[in-house]
Amino acid sequence: MTRKQKRGWLIGGGVAVLAAAAMLVMVALRDSVVFFHTPSDIAEKGVPAGQRIRLGGLVGQGSVVRGEGTHITFNVTDTLKDIRVTYDGVLPDLFREGQGVIAEGMLTSNGEFTADSVLAKHDATYMPPEVAKSLEARGVKLGSGAHPGEETTKQE
Amino acid sequence: MIVEFGHFALILALLVATVQMVVPAAGARLRDSRMIAVGEPAAVSQLLLLLVAFLALMHAYVTSDFSVANVAANSHSTKPLIYKISGVWGNHEGSMLLWVLILALFGAAVALFGDNLPATLKGNVLAVQASISVAFLLFLLLTSNPFERLPVPPSDGQGLNPILQDPALAFHPPFLYVGYVGFSIAFSFAIAALIEGRIDAAWARWVRPWTLAAWMFLTIGIAMGSWWAYYELGWGGWWFWDPVENASFMPWLAGTALLHSALVMEKREALKVWTILLAILTFSLSLMGTFIVRSGVLTSVHSFAVDPARGVFILGILVLFAGGGLLMFALRAKELRIGGVFSPISREGSLVLNNLLLVTATVTVLVGTLYPLVLEGLTGDKISVGPPFFNSTFVPLMIPLFLALPFGPLLAWKRGDWLAASQRMLAAAVVALVALVASYALTERGPWLAPFAIALGVYVMAGALTDWAWRVKLGSAGSEEVWRRARNLPRSAYGTLLSHFGVGLMVIGITATSAYREEHIVVMKPGDHVAVGRYDVTFKGAAPGRGPNYREDIAQFDVARDGAIVSRLAPSKRLYDAPPQPTTESGIHATWRGDLYIVIGDEQKDGGYTVRAYFNPLVRFIWFGALIMFIGGGLSLTDRRLRVGAPIKRRASPVAPVPAE
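Worth saying up front: this structure is predicted, and the values here are computed from it rather than measured.

**Details of the sheet that holds strand β9 (residues 587–590) of chain B**
Residue and element names in this part refer to chain B.
- Here four strands make up an open sheet; going across it, the order is β2-β11-β10-β9 and the pairing antiparallel. Strand pairing shows two members of the sheet lacking a second neighbour, β2 (518–524) and β9, which therefore form its edges. Between one strand axis and the next, the sheet turns through 15° on average, direction left out of account.

Below is the structure:
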């Protein structure tokens, strides 16, 4: 094999692997990416039921209802719109009324949200950056201490 | 007083680093050996000054000096001593101080142990290393001064985030940083080589041990972080493809590639240009990791102490060094001679495949990590890229990598015999086939692909042993001869064997845990049973308890197997005093077959508790595999050839390097 052929092998192999990887990435980005929405986004844009999304906002004051077993329902609010969320499982340590939360799951046909995982962020001054940004964008006044950071707990 | 002393030492370190950055590099250019010689004492005194600064901060933590803003914000007088010490790096400022300390440590190590390096190369390496120090010391002093005093000291501190108050996490950051920062040496050597326009096998022999050391510590650091997340975050996962995890994983992948390409360069003088590029990219990924973790641009399960304003500074550092390094590469790489020729089927060829797949995998992780950021910048859409993305991009790239892995060591340099290697791999393939059939026979559920993945892990392990078996002539020579050969094999051969074996173990552990995990979420009252795996778990009740700086509800579980109690687990829910934050402590009954993992949730109105119980089969293999990889790396590092043979004295012409062709 000549030097040129050998280099051809190398370059050909490299291009093949990169092309395969690029295809995998494209397909995966199309299929497995989850969009983030606030309750107001959903009211305005209308997210189809059954599409996997992340719903973010604050846990509505006085909205948490513990049902049978591990069943639980609560409201996610951005102070303008509320969405009722049902979840079956153990909530993260930092889940509190009035605190930032992200629920991942899908809308049902009756406008409620079924979550299969709930992420909470903690501490009096904290809320998830996405939530804080969306709320600020909607003119909701946040506490002076609101800044992104600290720790998240995620449960499935 | 001690605090001001520490602050002063930090400023002095900046001055010394500036000198170290300028003088030896100028000396190397002007061929002035006295100027080059400044690098050594400068590197050592920079290390000593930073050590003083670090110890001063530690002193403030241990004595709970709350007049220091950093201590007040992150410590508390009732915190146990070990967490007062680990609290030093459990926050932004302190961890960045640790970062520069380790950077200086590596620089000083080159100064002290680099006697037989060519003088100009050494001068340039120390100068580049110092330039990184200067950037990060400026960052510390200008934006993140750990020694800032408070005008009115509070009576007590705010405490350390409770989930960080944990033994594994106390040592996770130092290990991780030794890994991250260790790649700076490879970077400095690469830039120095570009400055000189000259690079040879001796260069690779120099860079490899440093890269190997960094890689080892990064391996064990990541494994520790994963282990910590497993038992502390309370949901039994060990890897979440979270931005902060990816931040440490990308340099690891690139570093692994670098380790292998440096091998080609050392042995065959091929892949020079590529190795230099990889060295620059690996450290750039380390810097990007620091940026991701420290800036908080990406939401993450474990990002602590973040501040967007500081992110801009680190982004600047990242752009400066990654961009500068790449620019220099673009300008000078042409001048490096292209090395040896090899056929696609050869040891070199297999290492090129290794590099190709590892680097492509790094890129997929990079895309998945940064895509949300880019998309939000472009369209304003907020998305999250989760495990499904990585499972369908990263994992497929690992399959050919692991299939090809055992062939590498079996192929000869320059031109290998594919057929002969395949024949040697026959035994390993048979073992893997047996493992495949056995996995199908032993498991009742789970995805149909899982047994194939387990067989792949077995194949990698058997393949690693195959290479060893052929080298010691196991089966074809007498036992005495085998023993003699086994003893005479270089330690680096055992290093390769162990590291590859560890990879196989890890593949098995990952597959078994992901595919055959059992999960139960139930509400239990005292006396209730639940069957998890082969265990019968009985809830005995919960009682309040009190620790040094927290209150807790401790639950008691009896774990029985075949009617006999094998363990009593006491998972708990803690509420820390400062900051007042709850944590979940898991109860784990660990065996080689798998872990029984129990956490409790909230108390229900009727006195029952939500209980989550998992059986995670073979999950220990993951961290044990990483530990074996670490040990393998250590064995290679102690190989005589790396220690003594590296830079041969006569090669080290003091000045006047051969100009590039």
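Don't stop here, the text continues.
**What about the nonpolar core?**
- Core analysis: the largest hydrophobic core is formed by 193 residues, its most contacted members being Val-100, Ala-186, Phe-189 and Ala-279 of chain B.
- With 20 residues, the single largest contributor to this core is helix α9 (residues 201–232) of chain B.
- In contact with Val-100 of chain B, other than residues within four places in its own chain, are Leu-50, Ser-133, Phe-136, Leu-137 and Leu-140 of chain B.
- Judged by nonpolar contacts, the second largest core, of 23 residues, contains Val-59, Phe-74, Val-76 and Leu-91 of chain A.

**So, helix α13 (residues 347–379) of chain B**
Residue and element names in this part refer to chain B.
- In this model, α13 (33 residues) spans 46 Å end to end at C-alpha, consistent with the 48 Å of a helix rising 1.5 Å per residue.
- The sharpest bend along α13 measures roughly 45° and falls at Leu-370, with the proline Pro-372 sitting one to four residues further on.
- Gly-380 occupies a position one or two residues after α13 and carries a positive phi of about 85°.

**Focus on the domain arrangement of chain B**
- When the domains of chain B are assigned, the result is domain 1 (1–161), domain 2 (403–516) and domain 3 (518–620).
- Of note, the centres of domain 1 of chain B and domain 2 of chain B, computed from C-alpha atoms alone, are 44 Å apart.

**Let's talk about helix α1 (residues 3–32) of chain A**
- Its 30 residues give α1 of chain A an end-to-end C-alpha distance of 43 Å, which sits within 8% of 44 Å, the value for a rise of 1.5 Å per residue.
- Turning to α1 of chain A, its buried residues are Ala-21, Val-25 and Ala-28 of chain A.
- Packing partners of the buried residues in α1 of chain A comprise α13 and α14 (387–404) of chain B.

**Section: unusual backbone geometry**
Residues and elements named next belong to chain B.
- In the Ramachandran plot, Trp-241 falls in the positive-phi region, its phi being about 50° despite a non-glycine side chain.
- On the secondary structure map, Trp-241 appears in the loop between α9 and α10 (243–268).
- In this model, Leu-618 sits at a positive phi of 55°, which is unusual for a non-glycine residue.
- Among the secondary structure elements, Leu-618 is positioned in the loop between β11 (609–617) and α21 (620–637).
- On the basis of neighbour counts, which here come to 22 C-beta atoms within 10 Å, the residue Leu-618 falls in the buried class.

Reading the values: the criteria
- Sequence order sets the numbering: in each chain, residues are counted from 1 along the sequence as written.
- Starting at A for chains and at 1 for ligands, labels are handed out in the order in which the entities are written.
- Local features in this predicted model are restricted to residues whose pLDDT is 70 or higher, and side-chain atom pairs enter the listing and the counts only when it is 80 or higher, whereas totals over whole chains, interfaces and linings include all residues.
- Criterion used throughout: strands pair if DSSP finds at least two bridges between them.
- In DSSP terms, a helix is any run of H or I states spanning at least four residues, a strand is any run of E spanning at least two, and both are numbered starting from the N terminus.
- For helices, the fitted line uses only the C-alpha atoms of the stretch in contact; every axis is such a line through C-alpha atoms, and the angle between N-to-C directions lies from 0 to 180 degrees.
- Remark: nonpolar core denotes a set of buried Ala, Val, Leu, Ile, Met, Phe, Trp, Tyr and Cys residues whose joining runs through C-beta atoms within 7 Å.
- Any residue whose C-beta has 12 or fewer other C-beta atoms within 10 Å is treated as exposed, any with 20 or more as buried, and any in between as partly exposed, C-beta atoms being built from the backbone.
- Contact between two residues is assigned whenever their backbone-derived C-beta positions fall within 7 Å.
- Multiplying 1.5 Å by the helix residue count minus one yields the expected span of that helix.
- What we call the bend at a residue is the angle made by axes fitted to the seven residues finishing there and the seven residues starting there.
- Those domain boundaries reflect an automatic or database domain assignment.

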